[in-house]
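# Reading the structure
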Amino acid sequence: METLYIDSSLLPYFTLMYISIYLIGYSTLFKKWDPKKRVDASSCLISLTHGTPVVFLSIYANFLHPEKPHQHFAAQNTPFQAFVLDFSIAYFFIDTTHYLIFIPNDYLFIVHHLAVLYVFITCRYVVGYGGYAILFLLALAEVTSLCQNIWSFAKCRKDEVAVAAWLYSGLSPYFYGFYTMVRGVLGPLLVYKMVVFYWNGGGDGVVPMWAWGSWMVVIVNAILISVLWVSNLWVELFQERSKIRKLS
């Protein structure tokens, strides 16, 4: 198995990039916002920088890159797949740091981010194989990112800006539905295919059992956390709509 060392990666540069974007948002773009909403918006900004671009990067890495990577769940990572993994590791590292500093009681997001980091880091720097499957799952997960970040920005400003309140109210059920379909249906289907593939020996000799086994445990739990998060949002939405109907 080929060993991939951190010295050959762009991880430090991507980390600096996300730190810079976060600080630009905090110190300039959202300077006049309420302090709590200011840090939330800065987190949304780096999420916006990561989410949608990584969907296209993952698709390109898996299906369109001239190196023609093997479309196989246990294929060796190509240099461009490693590049995309570094791009995501840096984002999740900085956003996890944001949560640990400013929102340490948001256990769901912190655990989710740490779980994702574990999978990405071991795939990129320890195993060196399986990037095709991980990036496939990443693209599927982040396809909701643009919608989620628009919703998050609207949520931040809904109490101060009428348009933001209107956008938040109107977008919420569509975002929740989209997120539920991706994280609650399509994601589990892909994970099921991965489990069957590895369980039947598809990764033998390249992806150790401890690696794919722990990946599956972590990914399944990450999906469950995502489903729990959106379920809580659905409950809040129904409660809000119920109160409005009673008052009208």
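Please read all numbers here as calculations on a predicted model, not as lab measurements.

## Considering the UniProt feature "transmembrane region" (unreviewed entry) in the protein chain
Per the UniProt entry, the sites bearing "transmembrane region" (unreviewed entry) are residues 12-29, 41-60, 80-100, 107-127, 133-154, 174-192 and 212-235 in this numbering. Helix makes up 91% of residues 133-154 and strand makes up 0%, while its end C-alpha atoms are separated by 33 Å.

## Details of the nonpolar core
Counting residues in hydrophobic clusters, the biggest one holds 57 residues, and the most contacted among them are F120, I134, V207, W215 and I219. For this core, the secondary-structure elements that each account for two or more residues are α1 (11-29), α2 (35-64), α3 (79-102), α4 (107-127), α5 (131-142), α6 (145-157), α7 (162-199) and α8 (209-247). Of all the elements, α3 adds the most residues to this core, at 9 residues. Filtering out sequence-adjacent residues up to four positions away, I134 remains in contact with L85, V119, F120, C123, M194, W215 and I219.

## Concerning the packing of aromatic side chains
Tallying each qualifying case throughout the model produces 30 aromatic pairs. Aromatic pair Y179 and W229: ring centres 5.2 Å apart, planes at 65°, arrangement edge-to-face. Pair noted here: Y179 is in helix α7 and W229 is in helix α8, with a separation of 50 residues, a long-range link. Like Y179, the residue W229 is buried in the burial classification. Aromatic side chains F197 and Y198 sit 5.1 Å apart centroid to centroid with 75° between the ring planes, which places their arrangement in the edge-to-face category. For Y198, a relative accessible area of 1% translates into the label buried. In textbook terms, an aromatic cluster arises when at least three aromatic residues are bridged by ring pairs, as seen for Y99, F109, W151, Y168, F175, Y176, Y179, W229, W234 and F238. Its guanidinium or amino end placed over the ring of Y26, R38 lies 3.9 Å from that ring's centre, counting from NZ or CZ. A cation sits over an aromatic face here: R157 above W33, 4.5 Å from the ring centre.

## Topic: the pattern of salt bridges
Under the definition given, this model contains 4 salt bridges. Of the charged contacts in the structure, one is a salt bridge between D40 and K36, with a shortest N-O distance of 2.7 Å. Taken together, the residues span about one helical turn, with D40 and K36 both in helix α2 at a distance of 4 residues. Residue class for D40 comes out buried when judged on its relative accessible area of 17%.

The rules we used
- Residues numbered from 1 in each chain as written.
- Predicted model: local features only at pLDDT ≥ 70, side-chain atom pairs only at ≥ 80, totals over all residues.
- Heavy atoms only, no water.
- UniProt positions renumbered as here; feature names shortened; annotations may be inferred.
- Helix = DSSP H or I, 4+ residues; strand = E, 2+ residues; numbered from the N terminus.
- Core = buried A, V, L, I, M, F, W, Y, C linked by side-chain atoms within 4.5 Å.
- Buried < 20%, exposed > 50% of the residue type's maximum accessible area, 1.4 Å probe, protein only.
- Contact = heavy atoms within 4.5 Å.
- Phe/Tyr/Trp six-rings, centres within 6.5 Å; stacked < 30°, edge-to-face > 60°.
- Lys NZ or Arg CZ within 6 Å of the ring centre and 35° of its normal.
- Salt bridge = Lys/Arg side-chain N within 4 Å of Asp/Glu carboxyl O.

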